[in-house]
Amino acid sequence: MRSFLLLLLGLVLLQQAKCFEFVIDGEWDDERSHPENNRERHKRAILTSEEEEDFEAIRGDDITVKSYRVESRITSRFAHTSVLSSVTNSGSKAQSIGFNVQIPKRAFITNFTMNVNGITFVGSVKEKTVARNLYAQARARGKAAGIIRANSQEMETFKTEVHVPPGSNIEFELHYQEMMHRRLGLYEHSLYLQPGRLVPQFQVDVYIYEPKGISMVQTPNSLGGQFTELIKVTSTKDKAHIVFKPNLQQQRKCENCTDSAIDGIFTVQYDVTRDSNAGELQVSDGHFVQFFAPSNLSPLPKNIVFVIDVSGSMWGVKMKQTVEAMQAILDDMTIDDHFSIIDFNHNVRCWSEELVPGSSIQVQDAKKYIQNIKPNGGTNINEALMKAVQMLVRASNQGLIDPRSVSMIILVSDGDPTVGEIKLSTIQKNVKRVMREEFSLFSLGIGFDVDYDFLERIAMENRGMAQRIYASHDAAKQLRSFYSQVSSPLLRRITVMFPDDTVSDVTQNRFDKYFSGSELVVAGKVLPSDSHTLTSFTTASASSLDITLETESDTTELDMALAQQQHSFTGFARQMWAYIMVKQLISERSLAPTAVKKRRITQRIMALAVEHQFVTPLTALLVESEDATERLLADSPKDPKQGCCSGGGLQASGLAPVNVVYQAPPWVQMTTTAPPSQVVKGSEEWLPNGALPQHVNLVDNDPHFIVHLPSSNMDVCFNIDSKPGHILNLVSDSGTGVVVNGQLVGSKQVLKNKLSTYFGTISVYYQPDGVSVTVGTDGITVTDSRSNNSFTWAATAEITQDGVRISIVKNSHVSITINSNIQVMVLLHRAWKKNPVSVDFLGLYIPNENQYSPLVRGLIGQFSIEPEVSVYGLRDGVDPLKKEATMDVKGNRLQVTRGWQKDYRRDKRRGSNVYCWFIHNSGKGFIDGHYTDYIVPNLNSFLKSF
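Residues numbered from 1 in each chain as written. Predicted model: local features only at pLDDT ≥ 70, side-chain atom pairs only at ≥ 80, totals over all residues. Heavy atoms only, no water.

K.L.:
Help me understand the overall build of the protein chain in this model?
P.N.:
Looking only at helices and strands, the protein chain features 13 helices and 52 strands. Counting the 946 residues in the protein chain, one finds 59% classified as buried. Surface summary for the protein chain: the accessible area is close to 38,900 Å², and the carbon and sulfur share equals 48%. (Helix = DSSP H or I, 4+ residues; strand = E, 2+ residues; numbered from the N terminus. Buried < 20%, exposed > 50% of the residue type's maximum accessible area, 1.4 Å probe, protein only. Areas by Shrake-Rupley, 256 points an atom, 1.4 Å probe, with all protein chains shown as cover.)

Given below as structure tokens:
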């Protein structure tokens, strides 16, 4: 008997797909001899936007499914999933048995193997031409292959069908990989479970390993209430294991049912621990991945033009769902946002010809306008988009929008253009010609009639993204979910940079926008180096800030950690880099301006896909027996409505990808002979040559004040014994508008009948620009009248806002410079966590060279006008190690003691001694007035007269 085999791989809807069968130890069943069966199979293969075929993971009558197992290993947001099933034909006749798996659309299949009665078929990814040539030999011997695709909202279907005699044992095993995309603050991993029958050994395992830690993990149960208690989650700081293992009785729909109740999507959601806004840089297997997902930043104002298709095809549920979604979307507008609405069919109309603020009155009026829309007529996309761009350009030219705001067009359409300019390539060129670099276009295609490939092209080409909205009962929810992803832009013009000769083959590292709750990812190869540290620099513009963030990573540490993790996915960085690069190249290919460039990109995609074993639109999976005598071909067809090479999940927004390695910004010291941990970066803030000044005014420890008097070349010190919670004014200069205040915290307990106090918070306020920099032991906050942006001590950063520049050196200090002539440095002191007494606190260092006005005052500021001081009558004191003397200052005669305090700039643990004359009684007689006169009500308060 002749032996024939067929592998059916389904990834997207194929209108003219034909279904075949492979026969093992049986006669080939020619489709032409059974036209009715073929028509029925073809009917099942063609799905519309409103219906889906009945799905079963295992198909066939009189078969026994012995086991069905799904295992996912997620390491650093990259998932490797395997689906394994063991099946027996327990009937009395030969029959076809199907193995179907729904996989996420953004995933790449990496392998498929099948064992039929001891004959093993192993898959390998090859270029299509190579695979087809090899397969042609098998086809010439009577083999046949067909491809079938099935659409659903987020999934695609892989299908295999094999015809086997009774008693046959078959084992199926499918592998696929995908990168987790962060949306609305969560990573979501979905596994489609519908075995279609009871399975004695049914188990799902999801293993997660995140080196920086897992902040939360949850499993929203969409499988049914009866399974709630069966989903077990075990998690530690950096690992999680989710297991779902119902027994036969627990799988039943009812107590005596023979049908399985398992039917739905098994979902795992999680997020990772982030200790800074600088991102997370991971290095493994000679590759790096930079994750960037900052938070605690004020949103940028938005300028949005909604362009809504109201042609006749939108009548009914589509329009109803769009109106419902727009009601919620408009409620999200703030007074800082500007918006308008354009609706179009064969004509183009504007709710408002100009952008208007998102006030409650304007929002209510816009809602009424949307509710009264009656769909009819044709579709004039070109004119509608041109009108939207003109509206943004006019507002920009007239200075009506904030230059730091984000301007975007959101297009909602369900069909191809039928009126006006109908040639898609011309519309694409027209929009690109008039769009400015600071504008973005987002396209939402409702249903399957729309040319999604066109919407995706026009969005990607204009710094946006596209999304298909499925015309169903939850279309409004899909529209709102999409808007939520882009409704809170936090950063613009983001660039991730690396020093020369450290990395190569970098994926897209320039992004137009970053939205709250999402994540930007850059990957590449690490070049050989003697250094074990890789550094990245990320620059971006926030609501009122320009920032540069530095991230470092040990190049060997992660690999050692992965080797100790039983369920981690080793090699994740290499595969993730390839995954991102292939997705990026597929998007570039769809936008290639010439055939030559398209061919070059095609060759790169094929080479990467073969090397990393990804089934893409340009590669095929060749499955062959161990002796290579039997070959099966799994090909990936073109979707006539989507194009063969859609972007398939390129990150939300970005400029055209440019693989560039940038030099570090000039403020970063790149060369030093000291180990990185000992380098005090940012020291150039103090003197041009980068050296720390020898003498400064400082407040440190509990708290000790040291005032340097340059003319006398003398240091004078005093303590302030106040209460926790009190805010002391240190510098108050109404002339320059600068104030520096510090708030005290107490030690954990009283020691030697004394509760020590320290500075727990120091604030620098620059009144002319309304900028306040608040430095605490847990982070740094920069605020003004409109924004509030926070940074942690966990990363080095450079921040500029108006005339204020803030330099954060990781876990060390913050330097604040105002108009290049007033500088303040705040030093961080970390206490041993279990220390019974000490707390984290701050030290303050201010150079004498600061240029204040004559109005300056404060516990430190008053000494910028140096008083005349004379010290005489040196004598032995009570402590033989400390001399005493008499000091004349400000008309007062004081008894002073020779002692020392600590300067911790060079050595944060031990400090260096600064010898000084100590003033007793909280500086009485040396400072103007009493120390209580310097207590102010809040951190931005100027000192009142006393």
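Anyway, onward from the coordinates.
K.L.:
Quick question: what am I supposed to make of helix 11 (residues 572-590) here?
P.N.:
Each α-helix winds once per 3.6 residues, and so residues spaced three or four apart point in a common direction. The first and last C-alpha atoms of helix 11 sit 27 Å apart over 19 residues, in line with the 27 Å expected at 1.5 Å per residue. A large share of helix 11 lies buried, amounting to 17 of its 19 residues. (Expected span 1.5 Å × (residues − 1).)

K.L.:
Which parts of the structure should I look at to understand the packing of helix 4 (residues 317-331) against helix 9 (residues 475-486)?
P.N.:
Two quantities define a packed helix pair, namely the angle between the axes and the distance from one axis to the other. Running from N to C, helix 4 and helix 9 cross one another at 35°; their axes reach a closest spacing of 8 Å. Helix-helix and strand crossings are classified by hand; for helix 4 and helix 9 the assignment is right-handed. Contact with helix 4, carried on its side by Gln321, Thr322, Glu324, Ala325, Ala328 and Ile329, involves Ala475, Ala476, Leu479, Arg480 and Tyr483 of helix 9 and no other residues of that element. Here the contact of helix 4 with helix 9 is built from residues that sort into seven nonpolar, two polar and two charged. (Axes fitted to C-alpha atoms, helices over the stretch in contact; angles between N-to-C directions. Left-handed = near helix turned anticlockwise from the far one by under 90°. Contact = heavy atoms within 4.5 Å. Nonpolar A, V, L, I, M, F, W, Y, C, P; charged D, E, K, R; others polar.)

K.L.:
Help me understand the confidence of the model for the protein chain, please; the structure alone is not making it clear to me.
P.N.:
As a general rule, the predicted coordinates of low-pLDDT regions are not to be interpreted in detail. Residues with a pLDDT of 70 or more make up 85% of the protein chain, whose mean pLDDT is 83. Across residues 1-53, confidence stays below pLDDT 50; counting only partners more than four residues off in sequence or on other chains, it has 152 contacts. Counting interchain partners and residues more than four positions distant, the pLDDT-below-50 stretch residues 139-152 has 67 contacts. (pLDDT = per-residue confidence, 0-100.)

K.L.:
I tried to follow the pairing of strand 41 (residues 779-783) on my own but got confused; where do I start?
P.N.:
A regular strand places its side chains on the two faces of the sheet in alternate fashion. Where strand 40 (residues 771-776) lies against strand 41, five bridges are found, and the strand directions are antiparallel. Paired with Ser772 across the bridge in strand 41 is Thr783. In textbook terms, the turn of a hairpin is the stretch between consecutive antiparallel strands, and for strand 40 and strand 41 this stretch comprises two residues. One ladder, built from four bridges, connects strand 41 with strand 42 (residues 788-791); its direction is antiparallel. Across the sheet, Val782 pairs through a bridge with Asn789, a residue of strand 42. In textbook terms, the turn of a hairpin is the stretch between consecutive antiparallel strands, and for strand 41 and strand 42 this stretch comprises four residues. (Pairing = 2+ DSSP bridges.)

K.L.:
When you look at helix 7 (residues 424-434) in this model, what are you seeing that I'm missing?
P.N.:
The complete set of buried residues in helix 7 reads Ile427, Gln428, Asn430 and Val431. Angular distribution of buried residues about the axis of helix 7 spans 165°; they occupy a single face of the element. Along helix 7, exposed side chains directed more than 90 degrees from the buried face belong to Lys429 and Arg433. In this structure, the buried residues of helix 7 make contact with helix 6 (381-397), strand 24 (439-446) and helix 8 (452-460). (Arc of directions from axis to C-beta.)

K.L.:
Got a minute to help me understand the state of the cysteines in this structure?
P.N.:
One covalent bond between the sulfur atoms of two cysteine residues makes up a disulfide. Within this structure, the stated rule accounts for two disulfides. Between the sulfur of Cys717 and that of Cys916 lies a disulfide, 2.1 Å long from S to S. Taking the torsion about the S-S bond as the criterion, the Cys717 to Cys916 disulfide, at about 75°, is right-handed. Here Cys717 is found in strand 36 (residues 714-719), whereas its partner Cys916 is found in strand 51 (residues 912-919), with 199 residues between them in sequence. For Cys717, a relative accessible area of 1% translates into the label buried. Disulfide connectivity for the protein chain, with bonded cysteines indexed by sequence position, reads 1-2, 3-4. (Disulfide = S-S within 2.5 Å.)

K.L.:
Before we go on, may I ask you to explain the sheet that holds strand 13 (residues 214-218) in this structure?
P.N.:
Each strand in a sheet pairs with another by means of backbone hydrogen bonds, the pair being arranged parallel or else antiparallel. The strand order across the open sheet formed by four strands is 10-11-16-13, and the pairing between neighbours is antiparallel. Taken across any chain shown, the strands that pair with only one partner, and hence form the sheet edges, are strand 10 (182-183) and strand 13. By the bridge criterion, two bridges tie strand 10 to strand 11 (residues 186-193) in an arrangement that is antiparallel. For Arg182, the partnering residue across the bridge sits in strand 11 and is Tyr187.

K.L.:
What exactly am I supposed to notice about the environment of Lys374 here?
P.N.:
Tracing the chain through its elements places Lys374 in the loop between helix 5 (360-371) and helix 6. Given the relative accessible area of 57%, Lys374 is considered exposed. The spacing of Lys374 and Val310 is 64 residues in sequence and 7.2 Å in space, taken between C-alpha atoms.

K.L.:
For this particular structure, what's the right way to read the nonpolar core?
P.N.:
Considering soluble globular proteins, one finds that nonpolar side chains tend to be buried as a cluster. In this structure, Leu491, Leu844 and Phe926 are the most contacted members of the largest nonpolar core, which totals 86 residues. Look past the residues within four positions of Phe926 in its chain and what remains in contact with it is Val707, Val716, Phe718, Gln862, Phe863, Val889, Lys890, Leu894 and Ile919. In terms of nonpolar packing, the next biggest core, distinct from the first, is built from 54 residues, Ala57, Ile58, Val199 and Ile231 among them. (Core = buried A, V, L, I, M, F, W, Y, C linked by side-chain atoms within 4.5 Å.)

K.L.:
What is the right way to read unusual backbone geometry from this model?
P.N.:
The phi torsion at Asp505 lies on the positive side, around 50°, for a residue other than glycine. Tracing the backbone through its elements, the reader meets Asp505 in the loop between strand 27 (503-504) and strand 28 (510-515). Judged by its relative accessible area of 36%, Asp505 is partly exposed. Residues other than glycine seldom take positive phi values, yet Ser922 does so here, at roughly 55°. Note that Ser922 resides in helix 13 (residues 920-923). For Ser922, a relative accessible area of 12% translates into the label buried.

K.L.:
How should I be thinking about the sheet that holds strand 18 (residues 287-292) in this particular structure?
P.N.:
Pairing is antiparallel in the open sheet, where four strands are placed in the order 17-18-29-27. Taken across any chain shown, the strands that pair with only one partner, and hence form the sheet edges, are strand 17 (280-284) and strand 27. One ladder, built from two bridges, connects strand 27 with strand 29 (residues 520-526); its direction is antiparallel. Its bridge partner being in strand 29, Ser504 is matched across the sheet by Lys525.

K.L.:
Would you explain the packing of helix 6 against helix 7 in this entry?
P.N.:
The N-to-C vectors of helix 6 and helix 7 enclose an angle of 5°; their axes lie 10 Å apart at closest approach. Overall, the two elements helix 6 and helix 7 adopt an arrangement that is roughly parallel. Of the residues in helix 7, those touching helix 6 at Asn382, Leu385, Met386, Val389 and Val393 are Ile427, Asn430, Val431, Arg433 and Val434. (Parallel < 35°, antiparallel > 145°, perpendicular 65-115°, else oblique.)

K.L.:
Even after reading the chapter, I still don't get the environment of Val526, so can you show me in this structure?
P.N.:
Relative to the helices and strands, Val526 resides in strand 29. As a C-alpha pair, Val526 and Ser504 span 22 residues in sequence and 6.5 Å in three-dimensional space. When sequence neighbours within four positions are dropped, the list of residues in contact with Val526 reads Val283, Gly286, His287, Phe288, Thr502, Val503 and Leu534.

K.L.:
In this structure, what is going on with the pattern of salt bridges? I would like to understand it.
P.N.:
Two side chains bearing opposite charge may form a pair once their charged atoms approach each other closely. In this structure the tally under the stated criterion is 31 salt bridges. Of the charged contacts in the structure, one is a salt bridge between Glu438 and Arg436, with a shortest N-O distance of 4.0 Å. Between Lys890 and Asp928 there is a salt bridge whose closest N-O contact spans 2.9 Å. With a gap of 38 residues between them, Lys890 in the loop between strand 49 (884-889) and strand 50 (892-903) and Asp928 in the loop between helix 13 and strand 52 (935-936) connect regions that are remote in the sequence. What makes Lys890 partly exposed here is its relative accessible area of 35%. Looking at Asp928, the relative accessible area reads 34%, which means it is partly exposed. Because the salt bridges share partners, they merge into one network encompassing Arg77, Arg182, Glu210, Asp271, Arg274, Glu280 and Glu519. (Salt bridge = Lys/Arg side-chain N within 4 Å of Asp/Glu carboxyl O.)

K.L.:
In this structure, what is going on with a positive patch on the surface? I would like to understand it.
P.N.:
Judged by side-chain charge, Lys212, Lys237, Lys810 and Lys833 come together as a positively charged surface patch. Here Lys212 is to be found in the loop between strand 12 (201-209) and strand 13. (Patch = residues over 30% accessible without salt bridge, like charges linked within 9 Å, V, L, I, M, F, W, Y side chains within 5 Å. Lys, Arg positive; Asp, Glu negative; His and termini not counted. Charge placed at Lys NZ, Arg CZ, Asp CG, Glu CD.)

K.L.:
Any chance you could explain the packing of aromatic side chains here in plain terms?
P.N.:
Each aromatic ring pair is characterised by the separation of its centres together with the angle its planes make. Scanning the entire structure with this criterion turns up 24 aromatic pairs. Arranged with centres 5.7 Å apart and planes meeting at 80°, the rings of Phe78 and Tyr579 form a pair that is edge-to-face. Within this pair, whereas Phe78 is found in strand 4 (residues 78-89), its partner Tyr579 is found in helix 11, the two being separated by 501 residues in sequence. A single burial state applies to Phe78 and to Tyr579, both of which are buried. Taken together, Tyr68, Phe202, Phe227, Phe244 and Phe266 form an aromatic cluster joined through their ring pairs. The ring of Trp900 has Lys882 lying over it, and the distance from NZ or CZ to the ring centre is 5.7 Å. Positioned above the aromatic ring of Trp917, the side-chain terminus of Arg898 is 5.1 Å from the ring centre. (Phe/Tyr/Trp six-rings, centres within 6.5 Å; stacked < 30°, edge-to-face > 60°. Lys NZ or Arg CZ within 6 Å of the ring centre and 35° of its normal.)

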